Each structure stands twice: as C-alpha cells, then as structure tokens.
Amino acid sequence: MKQATVVLWTGLSKIRGLVFVLITICALVFTVIPVYSDSGWTPIVPGVAQREFRLPGPNRAYVTRMDRANPSLTIESGLPWGTLSGERQTVSEMAALYDKSLSAWGGTWGASTQVVAAINGSYFDLGTGEPNSGMIVGGWYTKMFSDLGGWSGFAWQSDRSAFVGACVDHNYSTLTINNLINGDQYAIDGVNSRVKDDQLVIFTPLYDAFSPGQKNGVEILVGLYQPLGLRTSKEPTIGTVLSVHSGQGRIPIPFDAVVLSARGSAANKLRDSVQAGDVLSFSLQLLHYEADCRTPAPLDWTGTYTSIGGALPFLREGEIIPFQDEGASQKHPRTAVCFNDDWLYFVVVDGRNSSYSVGMTIPELASFCKDQLEATWGVNEDGGGSSTLWVDGDVMNQPSSGDERRVANSLMIVAVSPMQRSDALSSGSSVVTRYATNLHLGPGTNYPAITSVAEGIQGVVMPNLAGLNGVFAKDAYWWK
C-alpha cells in the first residue's frame, strides 16, 4: 500500500504555532505624523497624506493621496477573508486582514505590508456577494472579466503605471499551459469558475481553501514561483507539478500554488501526459477595446498587479466624460479613484444628509477630481451606503447608513517593507506542537485554516518551492 503524504502549512504565530522555538519579534510600525501642512494635507506615512474638503452644497469630500513615485508604496486590492467565498466584510475588517501580510509586490513573495488607507471597491451581486467585474489581486488573476462586458475599471501595474480600462475580451488561443518536459499544450477554459464537461479550469488560492474536487476527473497541484497573473507566452508564469489526483475529492490550495481541475477529454489529456515533477508554463492574456467594444485600444494588461471593476469612468486625459445615465445625474455618496502622473487619489464623498453633506452627481465628482485635485483620469466605484474611507485605523467619513457596510472587495494603499526571515529552522528540521494550533495555507492568519493539530504532534519542515521558509508575515516567522 502506498503511503499518502499530506503537506500542511503553519508558522510561529501568536496562536502558538507548530514549532518548539520562541522568538520575540519587533515589527516596524508607522505612526501618524501630527502635522497639518500649509497645503492642507496631513501626512500619514512618507508619500501618503489625507485631507478633508468642505464644499458648497454642502458637501464633504475625504481624500487620501499616494505619491506614485515612492518605491515603498503600492496599491493592493482585497477580498473578504482573502477569497471569493461570497462572504462580505467591512473595509476596516479587510484592512486588518491584509495588514502585515505577505506581499508579492516586485514579482515574487517576500515583502510584508502595512495597510495605510483603504476604500470600498466595485459594485457586487447582493445575492452571491461576488464582485460584478473581473479582479486582479496581488498579481493573481482572481476573477475573470466578462468578455466584451463593458468597463473593466481601475488597473495598477508592476511598473507603477495606471489606467482606467474599457472593454476587454479573452483571446482563448492565448490562454494556455505548456508542458516544458514533453511539449504538450493544454487550453485554459476558465479561472476560479465552474468546471464544465471537457474543460480545464485553474483554481487559485483566492478561490477558496480547497479546490472543487473532481470525482470523475483529475486535479493537479502545481507549485508556483510567483502569482499566476496576466502574462504572455514570452514571459510566462512557471510552476512545477507537485501531485496528481485522479477521481478524488477536494484538495487544499496553498498560497503559492494552483490546482488544475478538469473533466472529460480535458481530464484524460492531463491524466495521460502530466506527472509529478513536470514543469509547466502559463500564459493568460486580455485584449482591450474602447467603450464600443469594437475599436482596439493600445492599453496592455500584461503585468497588471491590481485591478478592480469600476462603473462610469468620468475623466479621460483631463477631459470630463459626458453621461446620459440617470444615476449619474443624482446626488449620492460617492467613492472614486482618480490620478495624474504624480498622485493617485482615493476619494469618498458623503451624502444623503442635507445639513452635513448632500452627495455629488458624477459630473460634480469629475469636476472635483479635475479642478481640486488636478487629476486627469478617474473612475467611479460603488457608492451609497458602501462609500467608506479608512485611514490608519479609523473610518474618516460618515457612511450614510450609519455603520460600515459589508462589501465584496476593497482597494488599499500599502507601504511595503523588504523581506525579513529567520534561519532558526531549515528544511528537514523536526518540530513538535507545544500547544493545539490551527494549520493555515500560507504565512499568516490571513490565509484560511484547513485543520488543527493537538499538542505533542511531531512534524518536519518541508522544502518550499518559492524559497520562503523562515519568512516574516503577520508578526510571525513561517516555515512549511
């Protein structure tokens, strides 16, 4: 009988992890600088500042800006509990979830984050809790865009460029997996979506803690060296096959891996030609069109690190975009992202209160971003009771529903710190649980816990494909 090996992930954490070494950790903490500058902006951390605007109407607009040239700052998008589970969280809860977590900014995992500011994100399905548009989270292509489905929203790229996307489409001939050992190629039919007959769908760690399982198909666990994002066949994402599971139930999805899940003919092809140790390359690309969904646009999604859907883009190259939409002409609380070559702004306007702030129409929001902030591009996000701006631990505005609304995603300004690591343990080190503990799928309690182990259980530190054993995240050093 073959022995089955289950690999689990844990770390030295405040919940007493699966190790026998006690380490005291001193983390770098940024504090608010209590200075009100002549320009009206209050610095938060180097390169990030906030300001409240009191405008006729009356209207109150709360703005946080990020210096786009500051190399220690980036933009991240967030999901409730870190997955597409369909549950919702407040902006504050998502900021806490991602704060001090592992980041892949720079192309590979290792840096740690400090969430400085956050806003609510895109519109979402009230029934399923899922964002209405596609999404890229920390370099992962997380939720596929609808083909020719309209505005794709805000995108932040690895080279620090940003754009407001229009209509996108998948060229499925460029969604491929290549087996670099035997030369076989496999078509990708979806990412984090339902597997239909004769299809192959990729499931990432942002889908859920476990794959969907294929009792009549095959699932293949592939370890990656970087998140699976939008990349070309010339510079693909590379991974190594860790295990092949035929006709089995759900399997855990570690933070640095994907599961290829297939049925029918697609499953047969994988089963016949893929084995543990094979090296695979992944290519996923998007075609971009103007708003008419016919005219090709020059924007390139390759290397996009963060994206979040957006409705009613209102600024384009410094010009206000006219609208016929009825909702655009009504005054409501608003959330927006706008930017120019120097600054990127999170904007929240309160509303539905005649004595405090009545809210803005989309043209008024566009004029504010253009005239007051000198932005040249801007896009509207979910507004109304969802509109929330969180800065350094506090909600700055007054949500119209009275309390923070639980939403489907968020957008965050993040300060990143270089990787810290410990060499207290190495691959092959024996470990023993001193206390009962949860086992998480990655470095930090922000990753799902898939099981727990009792006190006194023996284990061993396993090799990590991405070379992250001993990495520091969520106030803890982590080993696989």
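Our structure's up above, just so we're on the same page.
Rules and cut-offs
- Residues numbered from 1 in each chain as written.
- Predicted model: local features only at pLDDT ≥ 70, side-chain atom pairs only at ≥ 80, totals over all residues.
- Heavy atoms only, no water.
- Pairing = 2+ DSSP bridges.
- Helix = DSSP H or I, 4+ residues; strand = E, 2+ residues; numbered from the N terminus.
- Contact = heavy atoms within 4.5 Å.
- Axes fitted to C-alpha atoms, helices over the stretch in contact; angles between N-to-C directions.
- Salt bridge = Lys/Arg side-chain N within 4 Å of Asp/Glu carboxyl O.
- Buried < 20%, exposed > 50% of the residue type's maximum accessible area, 1.4 Å probe, protein only.
- Arc of directions from axis to C-beta.

Caption draft 1: The arrangement of the sheet that holds strand E16 (residues 200-203) in detail. Reading across from one edge, E14-E13-E20-E18-E17-E19-E16-E15 is the order of the 8 strands in this open sheet, with mixed pairing throughout. A strand with exactly one partner marks an edge of an open sheet, and here the two such strands are strand E14 (185-187) and strand E15 (190-191). Direction of pairing for strand E13 (residues 176-179) relative to E14: antiparallel, over a ladder of 3 bridges. Looking at E14, one finds that threonine 176 is bridged to alanine 187. Against the sheet, helix H2 (residues 264-273) makes contact with E13, E14, E16, strand E17 (214-224), strand E18 (237-248) and strand E19 (257-262), and its axis sits at roughly 55° relative to E17, the strand it touches most.

Caption draft 2: Summary view of the pattern of salt bridges. As enumerated under the stated definition, the model contains 7 salt bridges in all. Here aspartate 475 makes a salt bridge to lysine 100, at a shortest N to O gap of 3.2 Å. In this pair, aspartate 475 sits in the loop between strand E35 (471-473) and strand E36 (476-479) while lysine 100 sits in the loop between helix H1 (91-98) and strand E6 (102-103), placing the two residues 375 residues apart along the sequence. The class for lysine 100 is partly exposed, based on a relative accessible area of 31%. It is possible to trace a salt-bridge network through shared partners that takes in Glu52, Arg54 and Arg60.

Caption draft 3: Main features of helix H3 (residues 362-372). Taken together, the buried positions of H3 are Ile362, Leu365, Ala366, Phe368 and Cys369. Projected onto a plane normal to the axis of H3, the buried residues spread over an arc of 160° and lie on a single side. Among the residues trailing H3, glutamate 374 stands out with phi positive, at a value near 60°.

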